[in-house]
Amino acid sequence: MSNDTPQIRQKINVCVFISGRGSNLKAILEACENPNFPARVSCIVSNKPDAGGLEYAQQYKIPFAVISHKDYTNKQDFEQGILDALTHEPIDLICLAGFMRILSPYFLTRWGDNIINIHPSLLPKYKGLDTHARAIEAGDAETGCTVHYVIPEMDAGEIILQRSIEITKNDTLTTLAQRLLGEEHFAYPEAIKAVVEQKFTQHYEPKLDLSLTNTTQGKQDMTDKEVLNGHKEMWASFTNTMKFGTLSIIVLLILMALFLL
Ligand code: GAR
């Protein structure tokens, strides 16, 4: 392993938001089964009670919440309903996977910036809906998918990665969507890996030697390096005290010997 390779201590917790069939959720769940994949799905949120993807929550025994926008009179209450549901499980990153509601600044400012989304076009081209129809109609030679950070402006956040496919003259909306979905299933797990490497590894210092771990309790805010420095200081002060004690005893013994003589 080269020195540049990020050290990943543990899997981050991902919450996946869905509205429909959940094939991207399935791809993420399958990737998480690999012990070397740096994430696990800790919970699933759907805004539709009948979303097909909820079957994966049952299959993989993942806690899930259905927060239907139809049960709320306004968007802010709906988003607060989601925020309340998110407090039940550990979450580092939210992955929107076919979640068909636009999250407002109310949600985004309260949650923070660790939200990513998959979109079926090569952004910045074709933000919004009907991306395949627009690409075919424009006579584009290729289309693709984009995983990007979510910001208040729709489909405009920083791009994490893209995968593209050729549009052939025989392509229909269905064939194009189907072929692109295959690419999406590669793209999303790859993007999660990239996000962990970009944003999370800096918080994960190499593991401490086990002999020191008990003394780190109650010092959760200190980095391992700070704790190690603390131990070095303690050891230096201990050896200084020992040196001073030994010197004092020798002086005392000499004085006693002089007095007896
Ligand atoms: C995917 O094609 C995804 O890119 C798209 O919805 C589909 C969800 O499929 N997302 C958007 O259009 C977001 N603007 P899935 O439920 O099978 O993952």
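Just so it is clear, the structure is predicted and the values come from calculations on it, not from any experiment.

A few points about the overall build of the protein
Here is step 1: Scanning the protein from N- to C-terminus turns up 8 helices and 7 strands.
Here is step 2: When the 261 residues of the protein are sorted by exposure, 41% land in the buried category.
Here is step 3: Pairs at least 24 apart in sequence give 62% of the contacts found in the protein among residues at least 6 apart.
Here is step 4: Carbon and sulfur atoms make up 56% of the accessible area of the protein, which amounts to about 15700 Å² in all.

Some details on the packing of helix α1 (residues 23–32) against helix α6 (residues 173–200)
Here is step 1: Two elements in contact, α1 and α6, have axes whose closest approach is 9 Å; the angle formed by their N-to-C orientations is 50°. Considering the angle they form, α1 stands oblique to α6. Where α1 crosses over α6, the two elements pack in a sense that is right-handed. Between α1 and α6, the residues in contact are S23, N24, A27, I28 and A31 and L181, E184, H185, Y188, P189 and I192, respectively.
Here is step 2: Its residues assigned to classes, the contact of α1 with α6 comprises 7 nonpolar, 3 polar and 1 charged.

Observations concerning the sheet that holds strand β1 (residues 12–18)
For sheets, the rule is that strands pair by backbone hydrogen bonds, running either parallel or antiparallel.
Here is step 1: A sheet is described by the order of its strands in space; here 7 strands give the open sequence β3-β2-β1-β4-β5-β6-β7, paired in mixed fashion. Every other strand in the sheet has two partners, leaving β3 (64–66) and β7 (159–166) as the edge strands with one partner each. The mean inter-strand angle of the sheet, taken between neighbouring strand axes irrespective of direction, is 20°.
Here is step 2: In terms of strand pairing, strand β2 (residues 39–46) meets β3 through 3 bridges, oriented parallel. Note on β3: the bridge partner recorded for I44 is F64.
Here is step 3: Across the sheet, α6 is in contact with β1, β2, β4 (93–96), β5 (115–119), β6 (142–149) and β7; its angle to β7 comes to roughly 155°.

Describing a nonpolar patch on the surface
Here is step 1: On the surface, L247, I250, V251, I254, L255 and L258 cluster together into a nonpolar patch covering about 590 Å² of accessible area.
Here is step 2: Looking at I254, the relative accessible area reads 49%, which means it is partly exposed.

Description of the site of the ligand
Here is step 1: Taken together, R21, G22, S23, N24, G98, M100, I118, H119, P120, L181 and E184 make up the full set of residues adjacent to the ligand.
Here is step 2: Separating an oxygen atom of the ligand from a side-chain N or O atom of N24 is a distance of 2.9 Å.
Here is step 3: Summarising the interface, the protein chains cover 86% of the accessible area of the ligand, which totals 450 Å² for the free molecule.
Here is step 4: Looking at the shell around the ligand, the elements with two or more residues in it are α1, β5 and α6.
Here is step 5: Of the residues belonging to the shell around the ligand, the class tally is 4 nonpolar, 5 polar and 2 charged.

Digging into the nonpolar core
Here is step 1: Counting residues in each nonpolar core, the largest one holds 42 residues, and the members touching the most others are V16, C95, I116, Y188 and I192.
Here is step 2: Each residue touching C95, except ones within four places of it in the same chain, is listed here: V14, C15, V16, F17, I28, I116, Y188 and I192.

Points about a positive patch on the surface
Here is step 1: A grouping of K48, K70, K75 and R101 is seen on the molecular surface, where their side chains present a positively charged patch.
Here is step 2: By the secondary structure assignment, K48 is in the loop between β2 and α2 (54–59).
Here is step 3: According to the relative accessible area criterion, K48 is partly exposed, its value standing at 37%.

Let's talk about the confidence of the model for the protein
Here is step 1: Considering every residue of the protein, the mean pLDDT works out to 84; 79% of them sit at 70 or more.
Here is step 2: Below pLDDT 50 for its whole length, residues 204–239 participates in 23 contacts with residues either more than four positions away or in separate chains.

Side note on the pairing of β4
Here is step 1: A two-sided burial pattern is seen for β4, the buried positions comprising L93 and C95 on one face and I94 and L96 on the other.
Here is step 2: The sheet contact formed by β1 and β4 spans 4 bridges and is parallel. Bridge assignment links V16 to a residue of β4, and that residue is C95.
Here is step 3: Pairing of β4 with β5, which is carried by 3 bridges, proceeds in the parallel orientation. For L96, the partnering residue across the bridge sits in β5 and is N117.
Here is step 4: A crossover links β4 with its parallel partner β5, the connecting element being helix α4 (residues 105–111), and its sense is right-handed.

Conventions used here
Residues numbered from 1 in each chain as written. Predicted model: local features only at pLDDT ≥ 70, side-chain atom pairs only at ≥ 80, totals over all residues. Heavy atoms only, no water. Helix = DSSP H or I, 4+ residues; strand = E, 2+ residues; numbered from the N terminus. Buried < 20%, exposed > 50% of the residue type's maximum accessible area, 1.4 Å probe, protein only. Contact = heavy atoms within 4.5 Å. Areas by Shrake-Rupley, 256 points an atom, 1.4 Å probe, with all protein chains shown as cover. Axes fitted to C-alpha atoms, helices over the stretch in contact; angles between N-to-C directions. Parallel < 35°, antiparallel > 145°, perpendicular 65-115°, else oblique. Left-handed = near helix turned anticlockwise from the far one by under 90°. Nonpolar A, V, L, I, M, F, W, Y, C, P; charged D, E, K, R; others polar. Pairing = 2+ DSSP bridges. Patch = residues over 30% accessible without salt bridge, like charges linked within 9 Å, V, L, I, M, F, W, Y side chains within 5 Å. Salt bridge = Lys/Arg side-chain N within 4 Å of Asp/Glu carboxyl O. Near = heavy atom within 4 Å. Polar contact = N/O pair within 3.5 Å; in protein donor to acceptor, adjacent residues only side chain to side chain. Core = buried A, V, L, I, M, F, W, Y, C linked by side-chain atoms within 4.5 Å. Lys, Arg positive; Asp, Glu negative; His and termini not counted. Charge placed at Lys NZ, Arg CZ, Asp CG, Glu CD. pLDDT = per-residue confidence, 0-100. Right-handed = clockwise from strand over helix to strand, strands pointing away.

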